[in-house]
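# Residue-level structure breakdown
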Amino acid sequence: MSEFENATTEGPRGDSLRTATAARAKGEPRFPGGPAADPAGSHHERRIRSFQPRRSRVTAGQADALQRLWPVWGLDIDGLRTLDLDGMFGGLPVVLEIGFGMGEATAQMAAADPATGILAVDVHTPGQGNLLGLAEREGLSNVRVANGDAIILLREMLPPASLDGLRVYFPDPWPKKRHHKRRLIQPEFLTLAASRMKPGAVLHCATDWEPYAEQMLDVLSAHPDLENTQEDGGYAPRPAFRPLTRFEGQGLDKGHVVHDLLFRRRGA
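Residues numbered from 1 in each chain as written. Predicted model: local features only at pLDDT ≥ 70, side-chain atom pairs only at ≥ 80, totals over all residues. Heavy atoms only, no water.

## Concerning the overall build of the chain
From N to C terminus, the chain includes 10 helices and 8 strands. Across the 268 residues of the chain, 50% fall into the buried class. For the chain, contacts bridging at least 24 residues in sequence account for 81% of all contacts bridging at least 6. For the chain, the exposed surface amounts to about 12,800 Å²; the carbon and sulfur share of it is 53%. (Helix = DSSP H or I, 4+ residues; strand = E, 2+ residues; numbered from the N terminus. Buried < 20%, exposed > 50% of the residue type's maximum accessible area, 1.4 Å probe, protein only. Contact = heavy atoms within 4.5 Å. Areas by Shrake-Rupley, 256 points an atom, 1.4 Å probe, with all protein chains shown as cover.)

Okay, structure coming up:
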């Protein structure tokens, strides 16, 4: 059963949506015209994934946003086409954000910097709906929401040197040693990411998991296409443009230390 078929609804429109769900034939998409359950299907190789899809409740508001706004501001990562970022964002410089959770921080950054387009990628359906709803309510025309595997997006759908920045905030740390191979920030990923970044573009990572921060610093510092923006070669202070999220605040209350890493793409 897909995440969409398994989703429930609540709120003032819940009864009508539940009736529609009950009337839907088995296997029919949960949100017709919305994000696909497996957009890349079987036409790309199977490999170890750095993300774990989560099943959780889709509210009535999120469902409404997915159904109405996905055809306008959403896209499935199918790996079958090259994206026209200039056309998609009206010529704005574009930053790719991998993993945006419920989208609150993404919406704040988009509102604070309307001259930058944000292509936000996640596989979490409630978060996709929530970010679409936030974008509509706040009039954010510089946000697009992508559904699926960011590796396929980078490798198959983005041209070389097309990104003005890349953000990876609080990726899954995969804390068990046997799962470290699932961590996103690895040399192979950095090579791919750097190839899609313009010279001078900044890769910004943040994590509250100390061992992962240390690994990030090691692999980023060792990569030939990237250079640390910090003269001392260490972590960076949290930039003012990265909002303090509720998740991060909860971690800080528990004594967690958040590390930011900002590395620039080498080149002319």
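Back to the write-up after that little detour.
## Brief notes about the sheet that holds strand β7 (residues 226–228)
Across the sheet, which stays open at both edges, the 8 strands sit in the order β1-β4-β3-β2-β5-β6-β8-β7 with mixed pairing between neighbours. Edge strands, defined here as strands with exactly one partner in the open sheet, are β1 (74–76) and β7. Averaged over all adjacent pairs, the angle separating strand axes in this sheet is 25 degrees, with direction ignored. In this structure, strand β5 (residues 163–169) lies alongside strand β6 (residues 197–207), joined through 6 bridges in parallel fashion. If you follow Y169 over to β6, its bridge partner there is A206. (Pairing = 2+ DSSP bridges. Axes fitted to C-alpha atoms, helices over the stretch in contact; angles between N-to-C directions.)

## Examining the pattern of salt bridges
Tallied over the entire structure, the rule returns 9 salt bridges. In this structure, D64 engages R68 in a salt bridge whose closest nitrogen and oxygen atoms are separated by 2.9 Å. Of this pair, D64 and R68 both sit in helix α3 (residues 60–73), 4 residues apart, which is roughly one turn of the helix. Looking at D64, the relative accessible area reads 22%, which means it is partly exposed. (Salt bridge = Lys/Arg side-chain N within 4 Å of Asp/Glu carboxyl O.)

## Overview of the environment of D113
For D113, the location among the structural elements is in the loop between α5 (104–112) and β3 (117–122). With 27 residues separating them in the primary sequence, D113 and L140 have C-alpha atoms 10.0 Å apart.

## Topic: the environment of A236
Residue placement: A236 occurs in the loop between β7 and α10 (246–253). If we ignore the near neighbours within four places in the chain, the residues touching A236 are Q230, D260 and L262.

## Considerations on the side chain of D260
Its place among the elements puts D260 in strand β8 (residues 259–265). Since its relative accessible area comes to 2%, D260 is described here as buried. Contact partners of D260, with chain neighbours within four places excluded, come to H204, C205, A206, Y235, A236, P237, R238, P239 and R242.

## A short note on α3
Over its 14 residues, α3 runs 19 Å from end to end, which matches the ideal 20 Å to within 8%, given 1.5 Å per residue. Where α3 bends most, at Q67, the angle is about 40 degrees, and the proline P71 comes one to four residues later. Within the sequence span of α3, burial applies to A60, Q62, A63, A65, L66, L69, W70 and W73. (Expected span 1.5 Å × (residues − 1). Bend = angle between axes of the 7 residues up to and from the residue.)

## Let's talk about the confidence of the model for the chain
For the chain, per-residue confidence averages 86 on the pLDDT scale, and 82% of positions sit at 70 or higher. Low pLDDT, under 50, characterises residues 1–29; the predicted model gives this stretch 46 contacts beyond four residues in sequence or across chains. (pLDDT = per-residue confidence, 0-100.)

## Looking at the packing of α3 against helix α6 (residues 125–137)
Axis separation between α3 and α6 bottoms out at 8 Å; the angle between their running directions is 70 degrees. Here α3 lies roughly perpendicular to α6, going by the angle between them. Here Q62, A65, L66, R68, L69, W70 and W73 of α3 lie close against α6, whose contacting residues are T125, P126, Q128, G129, N130, L132, G133, A135 and E136. Of the residues contributing to the contact of α3 with α6, the split by class is 8 nonpolar, 6 polar and 2 charged. (Parallel < 35°, antiparallel > 145°, perpendicular 65-115°, else oblique. Nonpolar A, V, L, I, M, F, W, Y, C, P; charged D, E, K, R; others polar.)

## Details of the pairing of β8
For β8, a buried count of 6 out of 7 residues is recorded, marking the element as mostly surrounded by other parts of the structure. Sheet topology places β6 next to β8; 6 bridges connect them, and they run antiparallel. Residue pairing in the sheet places T207 in a bridge with H259 of β8. Where β7 lies against β8, 3 bridges are found, and the strand directions are antiparallel.

## Some words on the nonpolar core
For soluble globular proteins, the rule of thumb is that nonpolar side chains tend to be buried together. Ranked by internal contacts, the top residues of the largest apolar core, which has 41 residues, are L96, L119, I185 and F189. Tallying contributions element by element places helix α7 (residues 150–157) first for this core, with 6 residues. What L96 contacts, discounting residues up to four positions off in sequence, is L119, V121, L153, L154, L158, L163, G165, L166 and R167. Listed in part, the 25 residues of the second largest apolar core include A63, A65, M109 and L134. (Core = buried A, V, L, I, M, F, W, Y, C linked by side-chain atoms within 4.5 Å.)

## Focus: the side chain of N147
Following the sequence through the fold, N147 ends up in strand β4 (residues 143–147). A distance of 2.8 Å separates the side chain of N147 from the backbone oxygen of A36, its partner in a polar contact. When residues no more than four places from it in sequence are discounted, the contact partners of N147 are P35, A36, P39, W70, L75, D76, I77, D122, V123 and Q128. (Polar contact = N/O pair within 3.5 Å; in protein donor to acceptor, adjacent residues only side chain to side chain.)

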